[in-house]
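Each chain, written out:
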Amino acid sequence: MDTEKIRNLVKKHLSEKPRNTVEIKHWLSRNIDLKDNYDLAAILESDPSIIRIGRVRKSGLVGKESPLSEWATDKWVLHHEREQPKKNGDE
């Protein structure tokens, strides 16, 4: 399957809330026929509208080959972004 199609499907899946790499890979495997030899993190990183917002630290799940990251769309991040504190002199 084309990586552009994968990114579009994942963006729709992430529109509700952020999800980690394992959740995304599991969801994709249930919904489309994919081979296991694709690098999901590389596919997601190549799209500027999909953002890695953190890493999930769970024993046994985080490996060197495939980090367990939390992903969100840029729209979700913008909507949930915290307001920055004002500095002295800012209005």
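Our subject is the structure listed above.
Note that the structure is predicted; figures quoted are calculated from it, not measured. (Residues numbered from 1 in each chain as written. Predicted model: local features only at pLDDT ≥ 70, side-chain atom pairs only at ≥ 80, totals over all residues. Heavy atoms only, no water.)

Trainee: Tell me about helix α1 (residues 3-14), and please be specific about residues and values.
Mentor: Across its twelve residues, α1 extends 16 Å between first and last C-alpha, which sits within 8% of the 16 Å expected from 1.5 Å per residue. Taken together, the buried positions of α1 are I6, R7, V10, H13 and L14. When α1 is viewed along its axis, its buried side chains cluster within an angular range of 120° and face the same direction. In α1, those exposed residues whose orientation departs by more than 90 degrees from the buried face are K5 and K12. Where α1 begins, the capping side chain belongs to D2, and its oxygen is found 3.0 Å from the backbone nitrogen of E4. (Helix = DSSP H or I, 4+ residues; strand = E, 2+ residues; numbered from the N terminus. Expected span 1.5 Å × (residues − 1). Buried < 20%, exposed > 50% of the residue type's maximum accessible area, 1.4 Å probe, protein only. Arc of directions from axis to C-beta. Polar contact = N/O pair within 3.5 Å; in protein donor to acceptor, adjacent residues only side chain to side chain.)

Trainee: Provide a residue-level description of the nonpolar core, including the pertinent values.
Mentor: Grouped together as the largest cluster of nonpolar side chains are 15 residues, with contacts concentrated most on V10, I24, L28, L44 and W71. Those elements that place two or more of their residues in this core are α1, α2 (21-31) and α3 (40-45). At four residues, the largest contribution of residues to this core is made by α3. For V10, the residues in contact, after removing those within four places along its chain, are I24, L28, L44 and I50. (Core = buried A, V, L, I, M, F, W, Y, C linked by side-chain atoms within 4.5 Å. Contact = heavy atoms within 4.5 Å.)

Trainee: Could you give an account of the pairing of strand β3 (residues 69-73), naming the residues involved and the relevant values?
Mentor: Residues in a regular strand project their side chains so that they alternate between the two faces of the sheet. Judged by how many residues are buried, β3 sits mostly within the fold: four of five residues are covered. Across five bridges, the pairing between strand β2 (residues 50-55) and β3 is antiparallel. Bridge pairing links I50 to T73 in β3. (Pairing = 2+ DSSP bridges.)

Trainee: Help me get a handle on the side chain of N20, residues and values and all.
Mentor: Structurally, N20 is set in strand β1 (residues 19-20). From its side chain, N20 meets the backbone nitrogen of V22 in a polar contact 3.0 Å long.

Trainee: Any details on the pattern of salt bridges? Residues and values, ideally.
Mentor: Overall, the coordinates contain five salt bridges when judged by the stated rule. The salt bridge partner of E45 is R52, with a shortest N-O separation of 2.0 Å. E45 gets classed as partly exposed once you look at its relative accessible area, which sits at 48%. Take R52: its relative accessible area is 26%, and that puts it in the partly exposed class. (Salt bridge = Lys/Arg side-chain N within 4 Å of Asp/Glu carboxyl O.)

Geometric descriptors of this kind do not, in isolation, establish any biological role.
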